[in-house]
Amino acid sequence: VVGDTEGCRLENGVVYTPTGFKAAFEQVKEGGWTGLDMPEQYSGQNMPYVLGTAVGELFSSANQAFVMYQGLTHGAASAILAHGTDEQKDTYLPKMVSCEWTGTMNLTEPHCGTDLGLMRTKAEPQDDGSYKVSGQKIFISAGDHDMADNIIHLVLAKIPGGPDGIKGVSLFIVPKFVLND
């Protein structure tokens, strides 16, 4: 109920979750609930996907606002698991599966709606092999909060010179805090 009545608040540049969310999130993490169906090599329990889905429904019925943090992280981690390099999986998944770090997906823009081929966010290649991502995104649930050490954003962007429309869109891993090698 507190997630519906209190909501998050922004104070001095810090986003605070509703009263009790941080303590409850710690209990969920300690119980191993965040990685039920994720591979053991990434801190998961390797249970069947259907079990993770069933437990997720129980959490959702208790407090949808609260469960979004781990649910969005699970979605971002699943995308990295399915499409990331081995280095990306080894770097991000253990901390995302445990929810030490949480995740989001930054997809649409104010002028796009569902036509992502219209997006303007761009990713400029840099000399060190990284990309400089710039642009505007909307509807970034759990995009900032006080419950994780880092927030890993999956951001859709276009590389200059790529194909027009949706075929020119790529997905980039953009941590709130850049990792040092």
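In case you missed it, the structure is sitting above this.
Report on the accompanying structure. Residue numbers restart at each chain and count upward from 1, following the sequence in its written direction. At least 70 in pLDDT is required for a residue's local features to be given in this predicted model, at least 80 for side-chain atom pairs to be given and counted, and no such filter applies to totals for whole chains, interfaces and linings, which use all residues. Excluding hydrogens and water, the side-chain values take into account all heavy atoms of the structure.

### Points about the packing of helix H3 (residues 49-62) against helix H4 (residues 64-83)
- Close contact between H3 and H4 brings their axes to 6 Å; oriented N to C, the two are set at 140°. In this view, H3 runs oblique relative to H4, as classed from their interaxial angle. Where H3 approaches H4, its residues Phe59, Ser60 and Ala62 are matched on the opposing element by Gln64, Val67 and Gln70.
- Of the residues belonging to the contact of H3 with H4, the class tally is three nonpolar, three polar and no charged. Axis geometry follows a simple rule: fit a line to the C-alpha atoms, using only the stretch in contact for helices, then measure angles between N-to-C directions, giving values from 0 to 180 degrees. Numbering of helices and strands starts at the N terminus; helices are DSSP runs of H or I of at least 4 residues and strands are runs of E of at least 2. The cut-offs work like this: below 35 degrees is roughly parallel, past 145 is roughly antiparallel, 65 to 115 is roughly perpendicular, and the gaps in between are oblique. It only takes one pair of heavy atoms within 4.5 Å for two residues to be counted as in contact. Polarity classes work like this: nonpolar for Ala, Val, Leu, Ile, Met, Phe, Trp, Tyr, Cys and Pro, charged for Asp, Glu, Lys and Arg, and polar for all others, with Gly in that last group.

### Notes on the packing of H4 against helix H5 (residues 86-97)
- One way to put it is that H4 packs onto H5 with a least axis distance of 10 Å and a crossing angle of 160°. The orientation of H4 relative to H5 falls into the category roughly antiparallel. At the point where H4 passes H5, the crossing takes the left-handed sense. Counted together, Thr73, Ala76, Ala77, Ile80 and Leu81 of H4 and Gln88, Lys89, Tyr92, Leu93 and Met96 of H5 form the full contact between these two elements.
- Of the residues assigned to the contact of H4 with H5, the class counts are seven nonpolar, two polar and one charged. Should the near helix be turned anticlockwise from the far one by less than a right angle, the crossing is termed left-handed; should it be turned clockwise, right-handed.

### Considerations on the packing of aromatic side chains
- Under the pairing criterion, centres of Phe, Tyr and Trp rings, with the six-membered ring standing for Trp, must be within 6.5 Å; the plane angle then separates stacked pairs below 30 degrees from edge-to-face pairs above 60, leaving the rest tilted. One pass over the full model with this rule turns up six aromatic pairs.
- Where Phe21 meets Phe66, the ring centres are 5.2 Å apart and the plane angle is 85°; that geometry is what we call edge-to-face. Here the residue Phe21 occupies a position in helix H2 (residues 21-30), and Phe66 occupies one in helix H4, the gap between them amounting to 45 residues. Just as Phe21 is buried, Phe66 falls in that class too.
- Relative to Trp101, the ring of Tyr92 lies with its centre 6.2 Å away and its plane at 55°, an arrangement referred to as tilted.
- Burial status follows relative accessibility: with a 1.4 Å probe on protein chains alone, a residue under 20% of its type maximum counts as buried, one over 50% as exposed, and anything between as partly exposed. Given a relative accessible area of 10%, Tyr92 falls into the buried group.
- Among the residues examined, Trp101 registers a relative accessible area of 9% and is labelled buried.
- Through pairs of rings, three or more aromatic residues link up here, namely Phe21, Phe25, Phe66 and Tyr69.

### Describing the environment of Asn180
- Inspection of the secondary structure puts Asn180 in the segment after strand E7 (169-175).
- Residue classification places Asn180 among the exposed residues on the basis of a relative accessible area of 76%.
- Sequence spacing of Asn180 and Leu93 is 87 residues, and the spatial spacing of their C-alpha atoms is 16 Å.

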